[in-house]
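# Geometric and topological summary
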Amino acid sequence: MNAGPEVKNIVLVHGGFVDGSGWQGVYDRLTADGYRVSVVQNPTLSLAGDVAATHQVLDGLDGPAVLVGHSYGGVVITEAGNHPGVAALAYIAAFAPDKGESVNSLIADPPPGAPVPPILPPNGGFLFLDRDEFAAAFAADLPGAQAAFMADSQVPWGVDALGGVVSAPAWQTKPSWYLVATDDRMIPPPAQRAMSERAGSTVTETPGSHAVYVSNPAAVAAVIAQAAETLTAG
């Protein structure tokens, strides 16, 4: 098997309710290993706007990239991953929609007994998680003070972003990796497994909350590095 082009670019895309700063632990590990890592700051107003923000970062790179998404960021990379600079996708406890799907359609019919994220009613077209329930739902494996900070620094998530429909899933034409967080109470692990199987992803499972990218950055960085190394090896 011939080796592929060296993949040293990693682009990290955050999900809803948070910003890109949560990626720092993953960023630190990947940059220490020689990767060039970029973090997209999604406006989280609409899927189209977040795809455009991701493409802006990809346009500035000098080689192929692994495009990584957490949570709603998985929807973004599913659409933005059709960019010619993307060599592979990595989903971290993320939505991996098919054509015609959105966050709204994926969460519309939760199975009996599945945890229901404590999303408050829309306020001015934006969504927040209930601050008092944030830690248990989103970040149960983080120190209390850190989870409280995340709850108090939430990014308003536009309802239009949740309704953004994927037109051409990049995982249909590009390889993907998926990290299942087995203690996730935002996207149930069975849903993560079903989406990753449908996408034909290489799957790793690890204990962790929805904030696994913050609580266990080593496991997350390892999955991303595995994708880059597999592509480089050809």
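Now for a look at the structure at hand.

Cut-offs used in this document
- Residues numbered from 1 in each chain as written.
- Predicted model: local features only at pLDDT ≥ 70, side-chain atom pairs only at ≥ 80, totals over all residues.
- Heavy atoms only, no water.
- Pairing = 2+ DSSP bridges.
- Helix = DSSP H or I, 4+ residues; strand = E, 2+ residues; numbered from the N terminus.
- Axes fitted to C-alpha atoms, helices over the stretch in contact; angles between N-to-C directions.
- Contact = heavy atoms within 4.5 Å.
- Core = buried A, V, L, I, M, F, W, Y, C linked by side-chain atoms within 4.5 Å.
- Buried < 20%, exposed > 50% of the residue type's maximum accessible area, 1.4 Å probe, protein only.
- Phe/Tyr/Trp six-rings, centres within 6.5 Å; stacked < 30°, edge-to-face > 60°.
- Lys NZ or Arg CZ within 6 Å of the ring centre and 35° of its normal.
- Salt bridge = Lys/Arg side-chain N within 4 Å of Asp/Glu carboxyl O.
- Parallel < 35°, antiparallel > 145°, perpendicular 65-115°, else oblique.
- Left-handed = near helix turned anticlockwise from the far one by under 90°.
- Nonpolar A, V, L, I, M, F, W, Y, C, P; charged D, E, K, R; others polar.
- Right-handed = clockwise from strand over helix to strand, strands pointing away.

A word on the sheet that holds strand β7 (residues 176-181). Ordered by their spatial adjacency, six strands build an open sheet running β2-β1-β3-β4-β7-β8, and the pairing between neighbours is parallel. Because the sheet does not close on itself, it has two edges, and the strands there are β2 (36-40) and β8 (202-206). Between one strand axis and the next, the sheet turns by 20° as a mean value, whatever way the strands run. Of the strand pairs in this sheet, strand β4 (residues 86-94) and β7 are connected by four bridges, and their pairing is parallel. Opposite tyrosine 91, over in β7, you have tyrosine 178 as the bridge partner. Contacting β1 (9-13), β3 (65-71) and β4, helix α3 (residues 73-80) runs over the sheet at an angle of about 145° to β3. Strands β1, β3, β4, β7 and β8 of the sheet are contacted by helix α10 (residues 217-233), whose axis makes an angle of about 165° with β7.

What follows deals with the nonpolar core. Membership of the largest hydrophobic core comes to 75 residues, with the highest contact counts inside it found for Ile10, Val66 and Ile224. Filtering out sequence-adjacent residues up to four positions away, valine 66 remains in contact with Val7, Asn9, Ile10, Val11, Ala88, Ala90, Ile224, Ala227, Ala228 and Leu231.

Scanning the entire structure with this criterion turns up five aromatic pairs. Taking the centre distance of 4.9 Å and the plane angle of 20° together, the rings of phenylalanine 134 and phenylalanine 138 count as stacked. Of this pair, phenylalanine 134 and phenylalanine 138 are both found in helix α5 (residues 131-138), four residues apart, which corresponds to roughly one turn of the helix. Across from the ring centre of tyrosine 35, 4.3 Å away, lies the NZ or CZ of lysine 8, which sits over that ring.

Let's shift gears to the pattern of salt bridges. As a working rule, side chains carrying opposite charge can pair if their charged atoms are close by. The full count for this structure, using the stated rule, is five salt bridges. The shortest N-O distance in the salt bridge between glutamate 101 and arginine 198 comes to 2.9 Å. A residue pair is termed long-range when its members are at least 10 positions apart, and glutamate 101 in the loop between β4 and α4 (103-107) and arginine 198 in helix α8 (residues 189-199) qualify at 97 residues. Glutamate 205 is the partner of arginine 193 in a salt bridge, and the nearest nitrogen-oxygen pair spans 2.7 Å. Of this pair, arginine 193 sits in helix α8 while glutamate 205 sits in strand β8; the two residues are 12 residues apart in sequence, bridging distant segments of the chain.

Contact geometry for helix α1 (residues 24-32) and α10: axes closest at 9 Å, N-to-C directions at 50°. Here α1 is positioned oblique relative to α10, judged by the angle of their axes. Between α1 and α10 the crossing geometry is right-handed. Seen from α1, the contacting residues are Gly25, Val26, Arg29 and Leu30; seen from α10, they are Pro217, Ala218, Val220, Ala221, Ile224 and Ala225. For the contact of α1 with α10, the residue count by class is eight nonpolar, one polar and one charged.

Relative to the helices and strands, proline 5 resides in the segment before β1. Each residue touching proline 5, except ones within four places of it in the same chain, is listed here: Pro64, Leu231 and Thr232.

The element β7 is extensively covered by neighbouring structure, given that six of its six residues are classed as buried. Alternating positions in β7 separate into two faces, Ser176, Tyr178 and Val180 on one and Trp177, Leu179 and Ala181 on the other, with burial throughout. Pairing of β7 with β8, which is carried by five bridges, proceeds in the parallel orientation. Bridge pairing in β8 links tyrosine 178 to valine 203. Between the parallel pair β7 and β8, the chain is carried across by α8, and the sense of this crossover is right-handed.

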